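So the chains spell out like this:
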Amino acid sequence: MGETAGAALAAHPGVDKVAFTGSHMTGQLIVKASAGNLKRVSLELGGKSPDIVFADADLETAVPGAGMAVFANSGQICSAGTRLFVERSVYDEFVGRVADFGKGLRVGNGLDPDTQIGPLVSEQQLERVTSYLSIARQEGARAVAGGEQLTEGPFAKGFFVPPTVFADVRDDMRIAQEEIFGPVISAIPFTDVEEVIRRGNATTFGLGSGVWTRNVGQAHRLAKGLRAGSVWINAIRRWIQPSRSAATR
């Protein structure tokens, strides 16, 4: 229904403007449809946002920040910071702490006030996310949290994927290049500023990004160097501290 209505709105000469939030593939179709009537278009498309953590960052804040940048709303957020770049000297420690943070979140029914992470929106989305979990393992990534669909007990009839963190991720892996739209972090080590700017920009998406550092000059260098619509410093997406209502925000 959405696809049919959207196509009609994009092509209809009586509609002056279309604003769309969603995948880049659908965005391309809207632009093509609007070319015939010179309709104005505003697009907020998919992302593979880099979230960059330096060793000098306030890690106590960065751990939940990096986690909820992806885990909130079960990762179904266009600007989720799914590519987590961590400076090599603190990589193992930080990734382990984010994994522990994810394991501590309560997954459950979105209508339960105690739930922190709810289900995916549909069976189709569940199939998409779980296919990427399989692809990640096949390509050599290592799950340090989550990594499998939840199917036991209260999760048997729902579309539940727990907060997932993959380590040993390479830039050329599909989980590092393609939008998953689920609660899945791809953790990647880096060594220096110029390297991480180059690698952070090595994507077809550029919706948002985050930088965690106490070095003001370094923060400005990243803000100028990253090709992204938004660059948050010591935050990403103004992350929400997990609470009883976190899954619904």
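For the structure, check the block above.
Enquirer: Explanation requested: the overall build of the chain in the structure shown.
Expert: Within the chain one finds eight helices and nine strands. Scaling as 2.2 N^0.38, a compact globule of 249 residues should have a C-alpha radius of gyration of about 18 Å, and the chain matches this with 19 Å. Projecting the C-alpha coordinates of the chain onto the three principal axes gives extents of approximately 55 × 50 × 35 Å. Split into buried and exposed, the 249 residues of the chain put 49% on the buried side. Restricting to contacts in the chain with at least 6 residues of sequence separation, those with at least 24 account for 69%. For the chain, the accessible surface area stands at approximately 12100 Å², while carbon and sulfur atoms represent 52% of it.

Enquirer: I'm lost on the sheet that holds strand S5 (residues 142–145) in this one. Help?
Expert: Backbone-to-backbone hydrogen bonds join strands into a sheet, with any given pair of strands oriented parallel or antiparallel. If you walk across this open sheet you meet the seven strands as S5-S6-S7-S4-S3-S8-S9, and the pairing is mixed. Looking at strand neighbours, the two that pair on one side only are S5 and strand S9 (230–233), the edges of this open sheet. Here the strands of the sheet are splayed against their neighbours by 25° on average, with no regard to which way each runs. In this sheet, strand S8 (residues 208–212) lies alongside strand S3 (residues 50–53) in parallel orientation, the contact comprising three bridges. Bridge pairing in S8 links aspartate 51 to glycine 210. Against the sheet, helix H4 (residues 91–103) engages S3, strand S4 (83–87), S5, strand S6 (164–167) and strand S7 (184–190), with an angle of about 140° to S4.

Enquirer: Would you mind showing me how to read the pattern of salt bridges here?
Expert: Any two side chains of opposite charge can pair, given that their charged atoms come close. Going through the model one piece at a time under the given rule, you end up with 10 salt bridges. In this structure, aspartate 112 engages arginine 106 in a salt bridge whose closest nitrogen and oxygen atoms are separated by 4.0 Å.

Enquirer: Can you walk me through the packing of helix H3 (residues 59–71) against H4 in this structure?
Expert: Geometrically, a packed helix pair is captured by the angle between its two axes and the distance between the axes. One way to put it is that H3 packs onto H4 with a least axis distance of 9 Å and a crossing angle of 55°. Taken as axis vectors, H3 and H4 run oblique relative to one another. Once H3 is placed against H4, the crossing between them reads as right-handed. Between H3, through Leu59, Glu60, Ala62, Val63, Pro64, Ala66, Gly67, Met68 and Phe71, and H4, the contact on the second element is made entirely by Glu93, Phe94, Arg97, Val98, Phe101 and Gly102. When the residues that make up the contact of H3 with H4 are grouped by side-chain class, the tally is 10 nonpolar, two polar and three charged.

Rules and cut-offs
- Residues numbered from 1 in each chain as written.
- Predicted model: local features only at pLDDT ≥ 70, side-chain atom pairs only at ≥ 80, totals over all residues.
- Heavy atoms only, no water.
- Helix = DSSP H or I, 4+ residues; strand = E, 2+ residues; numbered from the N terminus.
- Rg over C-alpha atoms; globule rule 2.2 N^0.38 Å.
- Buried < 20%, exposed > 50% of the residue type's maximum accessible area, 1.4 Å probe, protein only.
- Contact = heavy atoms within 4.5 Å.
- Areas by Shrake-Rupley, 256 points an atom, 1.4 Å probe, with all protein chains shown as cover.
- Pairing = 2+ DSSP bridges.
- Axes fitted to C-alpha atoms, helices over the stretch in contact; angles between N-to-C directions.
- Salt bridge = Lys/Arg side-chain N within 4 Å of Asp/Glu carboxyl O.
- Parallel < 35°, antiparallel > 145°, perpendicular 65-115°, else oblique.
- Left-handed = near helix turned anticlockwise from the far one by under 90°.
- Nonpolar A, V, L, I, M, F, W, Y, C, P; charged D, E, K, R; others polar.

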